[in-house]
Structure formats: C-alpha cells, structure tokens
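# Structural features, examined
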Amino acid sequence: MPVQRRVFEGYRADGRALLSFVVKYHEAGQRLLKPHHDHSTFTTNTALNHRGVDFEGGGSFFIRQNCLVGDAPVGWTLIHPGRLTHYHEGREISRGTRYILVSFNDP
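Residues numbered from 1 in each chain as written. Predicted model: local features only at pLDDT ≥ 70, side-chain atom pairs only at ≥ 80, totals over all residues. Heavy atoms only, no water.

If you look at the biggest cluster of nonpolar residues, it comprises seven residues: Val23, Tyr25, Phe55, Ile93, Ile100, Val102 and Phe104. Among the secondary structure elements, those contributing two or more residues to this core are strand E1 (17-26) and strand E9 (93-105). Broken down by element, this core gets its largest block of residues, four residues, from E9. Those residues in contact with Ile100, other than ones at most four positions away along the chain, are Phe21, Val22, Val23, Tyr25, Asn45, Thr46, Ala47 and Leu48. (Core = buried A, V, L, I, M, F, W, Y, C linked by side-chain atoms within 4.5 Å. Buried < 20%, exposed > 50% of the residue type's maximum accessible area, 1.4 Å probe, protein only. Helix = DSSP H or I, 4+ residues; strand = E, 2+ residues; numbered from the N terminus. Contact = heavy atoms within 4.5 Å.)

Okay, the sheet that holds strand E2 (residues 33-36) next. Within the open sheet, the four strands sit side by side as E2-E8-E5-E6. Their pairing is antiparallel. Strands with a single pairing partner mark the edges of an open sheet, and in this sheet they are E2 and strand E6 (67-69). Recorded for the sheet is a direction-independent mean angle of 15 degrees between the axes of neighbouring strands. Across two bridges, E2 lies against strand E8 (residues 88-90) in antiparallel orientation. Across the sheet, His36 pairs through a bridge with His88, a residue of E8. (Pairing = 2+ DSSP bridges. Axes fitted to C-alpha atoms, helices over the stretch in contact; angles between N-to-C directions.)

Moving on, we get to the pattern of salt bridges. The final tally for this structure, using the stated rule, is three salt bridges. In this structure, the salt-bridge partner of Arg31 is Glu92, at a minimum N-O distance of 2.9 Å. Taken together, the residues Arg31 in the loop between E1 and E2 and Glu92 in the loop between E8 and E9 connect sequence positions 61 residues apart. By relative accessible area, Arg31 is classed as partly exposed at 27%. Residue class for Glu92 comes out partly exposed when judged on its relative accessible area of 42%. When the shortest N-O distance is used, the salt bridge between Glu56 and Arg95 registers 3.5 Å. Highlighted residues: Glu56 in strand E4 (residues 55-57) and Arg95 in strand E9, separated in sequence by 39 residues. (Salt bridge = Lys/Arg side-chain N within 4 Å of Asp/Glu carboxyl O.)

Attention shifts here to the pairing of strand E3 (residues 42-47). Two faces belong to every sheet, and in a regular strand the side chains alternate between them. Within E3, six of the six residues are buried, which leaves it mostly tucked inside the rest of the structure. A two-sided burial pattern is seen for E3, the buried positions comprising Phe42, Thr44 and Thr46 on one face and Thr43, Asn45 and Ala47 on the other. In this structure, E3 lies alongside strand E7 (residues 77-81), joined through five bridges in antiparallel fashion. Note on E7: the bridge partner recorded for Thr43 is His80.

Tracing the backbone shows Arg98 in strand E9. Buried charge without a salt bridge: Arg98, with Asp71 as the nearest opposite-charge side chain at an N-O distance of 9.2 Å. When near neighbours in sequence (up to four residues on either side) are disregarded, Arg98 contacts Val23, Lys24, Tyr25, Asn49, Phe55, Gly58, Gly59, Ser60 and Ile93. (Lys, Arg positive; Asp, Glu negative; His and termini not counted.)

Given below as structure tokens:
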C-alpha cells in the first residue's frame, strides 16, 4: 500500500511526483525559506545530510501546528499536505550546508 494512503486515510491519488529537486541551504547563500504553501497535494522532504555534523540549525517549521521537524536522520522522509493546512518555512541554518530532496506530488 502506498504510504500516502496510510498517512492520509481515504485519500486516493496516483502518488506521482510532478517536480523533484534538491534544496541547498548554505551560510553564504540561501540560509532559510520564508513561510509558504507548496503547489502540491502532498510534499515529501528527505534529509540528505547530517544536522550537527554538516550544518547547524535549519528544519521545517509548520506555523499553524507550531511544530518544528529539525533533526531527521539522513534518508528519513517527512510527508505533509502541500496546500491549505500546512503553511511552513525552512528555518535558518547557522553553520555549514544543508541539503534536502523535495518532491511535489499529485498537483
């Protein structure tokens, strides 16, 4: 069973990614991402490097839910609704470089 059917019970979708890309947060470049909604039905966000080793700070902060997901192990994937309910931001890194793989699914 596709994971989105377990997470979003009753939702039926193709589970296809419309757009996938790697985001690079770097202390000399993009350090954060301002609050936004994603243009997707649901989004996946996969950690590609180690917090505390490769970078400090960062994380995905969901404003309405007042929830910070900041210490996901490499390879772990966060899945969340893209539109309407999960307005979120990329928290600022304070050191190093953070990489994440983001996919917008079922637009």
